[in-house]
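# Breakdown of the fold
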Amino acid sequence: MTYSKRQIQKPDTEPSRREVITVGSLLLLSGGAMLQGCTSDRSGQAGRRLRSEVSAQPLQFDVRDGLAKLNQMRASRFLPGFQTDPRLQEAAQRHADMMGTTGKYGHDIGKGTNFKTRIFSAGFNDSAGENIGVGYGSIDEAIKGWLDSPEHRKNMLKSRYTLAGLAYAFNTSGRNDRYTHFWVLIMGAKSGKYS
């Protein structure tokens, strides 16, 4: 999911969840507004791994370590590293926590959770993109999964994105026990850096 400042306008209508689901995996792999950023795995479900495939316990996750790994990946491609942005960090953690407490997975999982609303409420209104993932047992797996997905990869390798927030949450909802670990990466541009 990606928006530039020029594109940030309230659309006349947004697709309903039912409309989004009807296009199935084509939307999931093509960067659709609600569920873009998913990767295929051996279960056949985009961006999802079954609980039996990964640890059913919360992970130890350090945001600085995760951003360092993302920055290593970007540096190997001659791109500037991400700097932590408190607004994007807040938006990413809130969304990860929301998925963890509800057991729902997606860019828009209920009223007030669409991407634009979430970043605006955190005070960020510049160009931004988001990658989400579920089931990855480490930040290394999440990064690899995102790199293996064309739309996620495109988001992570945009040179104009130099700010980021990275978050993790464990599914504590008691629902959708197929989902365990939720990951959110929100990347943004500093004002005036649009392509």
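Above this text sits the structure in question.
What comes next concerns the included structure. (Residues numbered from 1 in each chain as written. Predicted model: local features only at pLDDT ≥ 70, side-chain atom pairs only at ≥ 80, totals over all residues. Heavy atoms only, no water.)

## Describing the pattern of salt bridges
For clarity, the threshold we go by: Any Lys or Arg side-chain nitrogen found within 4 Å of a carboxyl oxygen on Asp or Glu counts as a salt bridge. A simple rule labels every residue: compare its accessible area, found with a 1.4 Å probe on the protein chains alone, to the largest value its type can have, and call it buried under 20%, exposed over 50%, or partly exposed in between. Numbering goes from the N terminus for both helices and strands, where a helix is a DSSP run of H or I of at least four residues and a strand is a run of E of at least two.
Under the criterion given, the structure shown has seven salt bridges. A salt bridge links Asp62 to Arg64; the shortest N-O distance between them is 3.4 Å. The partly exposed category is assigned to Asp62, whose relative accessible area is 34%. Given the relative accessible area of 66%, Arg64 is considered exposed. A salt bridge links Asp140 to Lys69, with the shortest nitrogen-to-oxygen separation between them at 3.1 Å. Within this pair, whereas Asp140 is found in helix H6 (residues 139–148), its partner Lys69 is found in helix H3 (residues 63–75), the two being separated by 71 residues in sequence. Given a relative accessible area of 42%, Asp140 falls into the partly exposed group.

## A short note on the pairing of strand E5 (residues 181–189)
Just so we agree on the cut-off: Any two strands are treated as partners once DSSP identifies two or more bridges connecting them.
Most of E5 sits inside the fold, with nine of its nine residues counted as buried. Direction of pairing for strand E3 (residues 128–134) relative to E5: antiparallel, over a ladder of seven bridges. What sits directly across from Val134, in E5, is Phe182. Sheet topology places strand E4 (residues 161–170) next to E5; nine bridges connect them, and they run antiparallel. Opposite Gly165, over in E5, you have Ile186 as the bridge partner.

## Re the nonpolar core
The following threshold applies: Remark: nonpolar core denotes a set of buried residues (Ala, Val, Leu, Ile, Met, Phe, Trp, Tyr, Cys) joined through side-chain atoms within 4.5 Å. The contact criterion used is simple: two residues touch if any of their non-hydrogen atoms lie within 4.5 Å.
Met99, Tyr105, Ile119, Phe124, Phe182, Val184 and Ile186 are the most contacted members of the largest nonpolar core, which totals 21 residues. Among the elements of the structure, helix H4 (86–102), helix H5 (115–121), E3, E4 and E5 are those that each provide at least two residues to this core. At five residues, H4 tops the list of elements feeding residues into this core. Residues within four places of Phe124 in sequence aside, it is in contact with Asp85, Arg87, Leu88, Ile119, Leu163, Gly188 and Ala189. Residues Phe82, Tyr136, Ala142 and Ala164 belong to the second largest nonpolar core, which totals 20 residues.

Scope: geometric values only; no functional claims are made or implied.
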